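Okay, here's what each chain looks like letter by letter:
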Amino acid sequence: MAKDLKKFANLTFLRTVDLALMRRLLKRHARALHGFDMAVFDAEPEKARDALRAYFLGPDDRHPEGLIADLFRIAELGNANGLELLLEAARRHGVTIQPTRKSDDEKSEPKQVSLRCFLDHPDVFNEASDLLSYATMSAPVELRGADVDVEARINDKTLAAFRRAAERLFEADLRGSYCRVGCYEDGDRINVIVTHGAPLKTTEVIENGADKVVSFREVAHAVLSYEAATGRLEIGRIAKARCDEMAEIFALT
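Bear in mind that the values here come from a model prediction, so they are computed numbers and not experimental data. (Residues numbered from 1 in each chain as written. Predicted model: local features only at pLDDT ≥ 70, side-chain atom pairs only at ≥ 80, totals over all residues. Heavy atoms only, no water.)

1. Some remarks on the sheet that holds strand β2 (residues 179–186)
A sheet is described by the order of its strands in space; here five strands give the open sequence β1-β7-β6-β3-β2, paired in antiparallel fashion. Every other strand in the sheet has two partners, leaving β1 (141–144) and β2 as the edge strands with one partner each. Neighbour-to-neighbour, the strand axes of this sheet turn through a mean angle of 20 degrees, independent of strand direction. Summarising the sheet, strand β6 (residues 219–227) and strand β7 (residues 232–236) pair through five bridges and their orientation is antiparallel. (Pairing = 2+ DSSP bridges. Helix = DSSP H or I, 4+ residues; strand = E, 2+ residues; numbered from the N terminus. Axes fitted to C-alpha atoms, helices over the stretch in contact; angles between N-to-C directions.)

Okay, here's the thing in structure tokens:
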């Protein structure tokens, strides 16, 4: 992820980024920002931008894992394709994220829109992130039911039951108990994106001049796409050994 963090040291981006947004983003991780003084945001804008660039280009051990994870997610949607997904999600949520004045045109740059949505419209951001997982799914496992034209029952009750069952499945695979489920209609298709934990990682870092071992869990996504007319269910981004169980959970809940 550190490589993606360097993208935020891009001179053009830091010359135009809304410093108020960057301040809020870094404040989320203020206790772990080794070598960065938040007070710089109270100084002249150019001084703040120089400090940000120096920090992002600095040693990787100064960057908290939480900040890296946030920036990685923002970078994933910080391009032309991500912008379209954010705009689509914003329309569905009735949210306006376009600049209101011509002087704000630079705020339409995809990475800045992604940053703004991450902080101000998390529901929009999460939906766009979910849809990106579906759009980039490759080589899904395809299963077919015995019957066709069986409509999926999608409501708060069935989604909650699906989430609880998926939680147990991922927890059994030592991926933690966190699980978030998003459901999106695409014509005759029902797409379900399950955000869950990846296997725990442990690494050694430098903190306050001493080495220490930290553990963290990255975010992963499983994708299910169901078409009632054909009875076809596609499952991707999950171990093939678990596909049958995930399909059964989908069918029973």
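That covers the picture; the talk isn't over yet.
2. Some words on the packing of helix α7 (residues 110–120) against helix α8 (residues 122–135)
It is at 6 Å that the axes of α7 and α8 come closest, and there the two elements cross at 120 degrees. Between α7 and α8, the crossing angle belongs to the class labelled oblique. Two secondary-structure elements touch here, α7 through S114, C117, F118, L119 and D120 and α8 through P122, V124 and F125. Of the residues contributing to the contact of α7 with α8, the split by class is six nonpolar, one polar and one charged. (Parallel < 35°, antiparallel > 145°, perpendicular 65-115°, else oblique. Contact = heavy atoms within 4.5 Å. Nonpolar A, V, L, I, M, F, W, Y, C, P; charged D, E, K, R; others polar.)

3. Points about the packing of aromatic side chains
According to the stated counting rule, one finds six aromatic pairs in the structure shown. Taking 5.1 Å as the distance between ring centres and 80 degrees as the angle between the ring planes, the aromatic pair formed by F118 and F125 counts as edge-to-face. Grouping residues by exposure puts F118 and F125 together as buried. Taking the centre distance of 6.5 Å and the plane angle of 85 degrees together, the rings of F162 and F250 count as edge-to-face. Here F162 is found in helix α9 (residues 156–172), whereas its partner F250 is found in helix α10 (residues 240–252), with 88 residues between them in sequence. The buried category is assigned to F162, whose relative accessible area is 3%. (Phe/Tyr/Trp six-rings, centres within 6.5 Å; stacked < 30°, edge-to-face > 60°. Buried < 20%, exposed > 50% of the residue type's maximum accessible area, 1.4 Å probe, protein only.)

4. Some points on the pairing of strand β3 (residues 189–197)
The buried fraction of β3 is high, at nine of nine residues. The antiparallel pairing of β2 with β3 creates a hairpin that spans two residues between the two strands, and G187 there sits at a positive phi of about 65 degrees. Summarising the sheet, β3 and β6 pair through nine bridges and their orientation is antiparallel. Considered in β6, the bridge of I193 is made with V223.

5. Some words on the layout of surface pockets
Put simply, the largest pocket is a space of about 550 Å³. Lining the largest pocket we find 24 residues, and of these A69, R73, E218, V219 and H221 sit closest to its centre. Where the lining of the largest pocket is concerned, the elements lending two or more residues are α5 (65–76), α8 and β6. For the lining of the largest pocket, the element with the most residues is α5, which contributes six residues. If you add up the space inside the second largest pocket, you get close to 470 Å³. Along the walls of the second largest pocket sit 21 residues, with V150, Y226, A247, F250 and A251 positioned nearest its centre. Secondary-structure elements contributing two or more residues to the lining of the second largest pocket are β1, α9 and α10. Across the lining of the second largest pocket, the residue classes break down as 13 nonpolar, four polar and four charged. (1 Å grid on protein atoms, 1.4 Å probe; cavity = no way out; pocket = protein on both sides within 12 Å on 5 of 7 lines; lining within 4 Å. Points joined across faces, edges and corners; volume = space filled by probe spheres on them.)

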